[in-house]
Amino acid sequence: MSTDISDHRKKLLESLFVAGRENSNAAVMFHTAIAARIGLGMTEEKALDLLQRHGPMTAGEISQHTGLAPASVSGLIDRLEAKDLVHRTRDARDKRKVIVEIDYGRLAGFGSLFDELVSGLTELYMGYTDEQLELILDFLTRATAIQRAVTPGVGP
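The notes below deal with the structure included here. For clarity, every value in this text was computed on a predicted model and none was experimentally measured.

## Quick notes on the nonpolar core
Counting 17 residues, the largest nonpolar core has L48, L51, I62, L80 and V86 as its most contacted members. Among the elements of the structure, α2 (42–54), α4 (70–82) and β3 (98–102) are those that each provide at least two residues to this core. Beyond its immediate sequence surroundings of up to four residues, I62 is in contact with L51, M57, V73, L76, I77 and V100.

## Quick notes on the sheet that holds β3
On the basis of which strands lie adjacent, the open sheet formed by three strands has the order β1-β3-β2 and antiparallel pairing. Strands at the two margins of the open sheet, each flanked by one partner only, are β1 (57–58) and β2 (86–90). Sheet topology note: the β1/β3 ladder contains two bridges and is antiparallel. Across the sheet, residue M57 finds its bridge partner in β3, namely V100.

## Some points on a nonpolar patch on the surface
A cluster of nonpolar side chains, L16, L117, L121, L124, Y125, Y128, L133, I136, F139 and L140, forms an exposed patch at the surface whose accessible area comes to about 840 Å². Listed by contribution, the elements that provide at least two residues to the nonpolar patch are α6 (115–126) and α7 (130–150). With a relative accessible area of 30%, L133 lands in the partly exposed category.

Calculation criteria
Residues numbered from 1 in each chain as written. Predicted model: local features only at pLDDT ≥ 70, side-chain atom pairs only at ≥ 80, totals over all residues. Heavy atoms only, no water. Core = buried A, V, L, I, M, F, W, Y, C linked by side-chain atoms within 4.5 Å. Buried < 20%, exposed > 50% of the residue type's maximum accessible area, 1.4 Å probe, protein only. Helix = DSSP H or I, 4+ residues; strand = E, 2+ residues; numbered from the N terminus. Contact = heavy atoms within 4.5 Å. Pairing = 2+ DSSP bridges. Patch = residues over 30% accessible without salt bridge, like charges linked within 9 Å, V, L, I, M, F, W, Y side chains within 5 Å. Areas by Shrake-Rupley, 256 points an atom, 1.4 Å probe, with all protein chains shown as cover. Salt bridge = Lys/Arg side-chain N within 4 Å of Asp/Glu carboxyl O.

Function cannot be read off these values alone, since they describe shape.
The following block contains the structure:
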């Protein structure tokens, strides 16, 4: 850190790094516990999250989003398919492509595992003004982009 900044700012920056690490650790531990509760590994749970947010994807697209090697993605899809959580279908336009889709019927009930987290975060968000929420959103979006950029296999 630069020596030409105030002690107060130095402490704020240090605290921000510590808080970021704590938040990251809490997120990893939460998702690990949720994944274990539903009989999945964390990578499997996060792959399902990607498919829920982005919709059906090819193995290559999953690889791009996760940074996992294609062989690892194939194994990941195999495990999810064996648990009847996803299925593979041929792309209607390009029969060489295989699309991975979630079986939403099998996921019914999993959402309730996130109810307390969503409720707590919603309550937290309600305490901020629109301008503060815009700043928080900007920070999270930019911090996520930085993390993706430095993640092997995921960055630009």
